[in-house]
Amino acid sequence: MAMDRRDFLKRAGLVGGAAAAATALPGCRQLFHHLGPGSAFTGRGMLDLPATESEIDHVVVVMMENRSFDHWLGWLAEDHRFLAAGHSRYGGRFGIDGRQHQVIQGPTGPVATAHLVGAADEPSPFQGCGHVDPGHGWDEGRAQRDGGFLSPGSDNDVFATGYYVGDDLPFTSQLARRFTTFDRYHASVLGPTYPNREYLHSAQSGGNKTNAFPPAGGFTWDTIWDRLRGAGVPARYYYSDLPFLAFWGPRLSDLMHPSADYFADCAAGTLPAVSMLDPRFLGPEQCDDHPLADIRRGQAFLRDAFKAFAASPNWHKGLFVITYDEWGGFFDHVRPPRVVDDRASAVDEEDFGQTGFRVPTVLASPFARPGFVDHRTYEHSSVLRFLEWRFLGAPPEGPGRPGDSWFLTGRDRNANNLGASLSARRCSDDLGFDPNVFVAPGAPACTTGGDGGVLSTQAASAAVTGGADAPTSSMQDAAEAGVFDRMGVPVGH
């Protein structure tokens, strides 16, 4: 049934209270006091409750593509309205570790980071046409970590030193100011898209360092989906065109649904306990934020996905997480840490305990503290850790006891729980902003730039017949190589 704008605003809690929500939010205003990075909070957080008493019954996770924290959200460190509100709510030490203005050493001298929109030499600032896709592979990431983002081996040009500000991101800026963001949330590994997405689903990449295709029949190791299904927890994976979950083969096909079902389930209030929603990776309507896609399409996709959830009856007991698979080669000033991993190694080239650079992540919920910044170290397995605590019997923090079986690998067993900053009680159902924010339409696809990566006939043939080492640079390569077809999952929804 169609819903007019006023009906939506009523259901989203925006009529008769949004202004108060944006300033007071009495349920959470004094519940916590932020004392600085690494410090404790007073008050009762959600993880202080037994999982069975948590009111979070519906979790939606959206993973976008290839953006770093400083490049995407670093402007929050200079947003005086955001900082003033944080000081009022959480004390004078409130802050966020963003640094957009930097000088990066290039091959011909120092290069100052620059705002992409409005720059005279950037004719397509929302896409980056004419530039290479910044380097974000296993080796390129290590070159950037050790030598900088324009160093030899980085595979970058000056596009990687550009940044956006809040006005360029009309939806994300509203969500980040209103809810909770993270300034120590990292990609799971210092490597490309596929391994990082594999960590979100399974707390490992099976040792994959590259965007390698799965063998015939798909990956065989367990995922969070296997565990949720085994425990009888309702779960669905929604895809817009290419279902990444198909990399595990047909055994999970019953959990895969086209994205139209997500919007229908939101409207009907029938979302399962756990949902993941992927953007469109292909074609002129690509909206995953991967360069050289137009980021305005990504903003429209996120806006629509969020407002469908916020207008749903499931929002009242819901949690909405937006994150990015990896940093995409864009600059960030925080050196990525190492964490516990079953494939951690003292040899850097083999070290899966080495996380990637920071990625933009926002957590929205009636239980999220308003305008808050969580400084703890997280990566994609931290999302799994929350799901394992809420639905699978994991302890709120720590590795648990000998003999426990709730975890997938040592990574999620030792990961910090993303829910640590949630309040034990509802802050407010009100959004505090109008989610129907205007987003300008995207431009036609670039005709120049990108990485030029095209699968050879030999590589495509190897992928279709089960060659796990076939090179690929994009989800489109996987589609062209027939990966999804041989998994029995249609594409193009």
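All values derive from a computational prediction rather than experimental measurement. (Residues numbered from 1 in each chain as written. Predicted model: local features only at pLDDT ≥ 70, side-chain atom pairs only at ≥ 80, totals over all residues. Heavy atoms only, no water.)

## Description of the packing of aromatic side chains
- Inspection of every chain in the model, using the stated rule, returns 34 aromatic pairs.
- Here Phe306 and Phe320 contribute two aromatic rings whose centre-to-centre distance is 5.3 Å and whose plane-to-plane angle is 70°, an arrangement assigned as edge-to-face. Here the residue Phe306 occupies a position in helix H10 (residues 295-310), and Phe320 occupies one in strand S10 (residues 318-324), the gap between them amounting to 14 residues.
- For Phe306, a relative accessible area of 0% gives the class buried.
- On the accessibility criterion, Phe320 (0% relative accessible area) is buried.
- Geometrically, the ring pair formed by Phe386 and Trp389 is tilted, given 5.7 Å between the ring centres and 50° between the ring planes. Here Phe386 and its partner Trp389 are both found in helix H11 (residues 381-392), 3 residues apart, which amounts to about one turn of the helix. The exposure classification of Phe386 matches that of Trp389, with both residues buried. (Phe/Tyr/Trp six-rings, centres within 6.5 Å; stacked < 30°, edge-to-face > 60°. Helix = DSSP H or I, 4+ residues; strand = E, 2+ residues; numbered from the N terminus. Buried < 20%, exposed > 50% of the residue type's maximum accessible area, 1.4 Å probe, protein only.)

## Quick word on the packing of helix H6 (residues 170-178) against H10
- One way to put it is that H6 packs onto H10 with a least axis distance of 7 Å and a crossing angle of 50°. The angle between H6 and H10 falls in the class oblique. The residues of H10 that touch H6, namely those facing Pro170, Phe171, Thr172 and Leu175, are Gln299, Leu302, Arg303 and Phe306.
- The class makeup of the residues in the contact of H6 with H10 is 5 nonpolar, 2 polar and 1 charged. (Axes fitted to C-alpha atoms, helices over the stretch in contact; angles between N-to-C directions. Parallel < 35°, antiparallel > 145°, perpendicular 65-115°, else oblique. Contact = heavy atoms within 4.5 Å. Nonpolar A, V, L, I, M, F, W, Y, C, P; charged D, E, K, R; others polar.)

## So, the nonpolar core
- In this structure, Tyr262, Phe306 and Phe320 are the most contacted members of the largest nonpolar core, which totals 100 residues.
- Here this core takes 8 residues from H10, the largest share from any one element.
- Setting aside residues no more than four positions away along its own chain, Tyr262 makes contact with Val60, Tyr238, Leu271, Leu277, Ala305, Ala308, Phe309 and Phe320.
- Counting residues in hydrophobic clusters, the runner-up holds 8 residues, among them Phe149, Leu150, Leu190 and Phe331. (Core = buried A, V, L, I, M, F, W, Y, C linked by side-chain atoms within 4.5 Å.)

## Quick word on the confidence of the model for the protein chain
- Chain-level pLDDT for the protein chain is 87 on average; 82% of the residues reach the 70-or-more range.
- Across residues 1-6, confidence stays below pLDDT 50; counting only partners more than four residues off in sequence or on other chains, it has 6 contacts.
- Residue range residues 11-27 is modelled with pLDDT below 50. Its contacts to residues more than four positions away, or to other chains, number 38 contacts. (pLDDT = per-residue confidence, 0-100.)

## Looking at the sheet that holds strand S8 (residues 256-258)
- Spatially, S8-S7-S9-S1-S10-S11-S6-S12 is the arrangement adopted by the 8 strands of the open sheet, whose pairing is mixed. In this open sheet, the two edge strands, each paired with only one partner strand, are S8 and strand S12 (372-374). Between one strand axis and the next, the sheet turns by 20° as a mean value, whatever way the strands run.
- Pairing geometry for strand S7 (residues 235-239) and S8, over 3 bridges, is parallel. By the bridge assignment, Tyr237 is partnered in S8 with Met256.
- Along the sheet face, helix H7 (residues 193-202) touches strand S1 (58-64), S7 and strand S9 (274-277) and points at about 170° away from the line of S1. (Pairing = 2+ DSSP bridges.)

## Describing the pattern of salt bridges
- Per the stated rule, a full pass over the model turns up 28 salt bridges.
- One salt bridge connects Asp348 with Arg142, and the closest N-O pair in it is separated by 3.5 Å. One end of the pair, Asp348, is in the loop between S10 and strand S11 (362-364); the other, Arg142, is in helix H5 (residues 138-147), with 206 residues separating them in the sequence.
- For Asp348, a relative accessible area of 30% gives the class partly exposed.
- The structure contains a network of salt bridges with shared partners spanning Arg142, Arg145, Asp146, Arg335 and Asp348. (Salt bridge = Lys/Arg side-chain N within 4 Å of Asp/Glu carboxyl O.)

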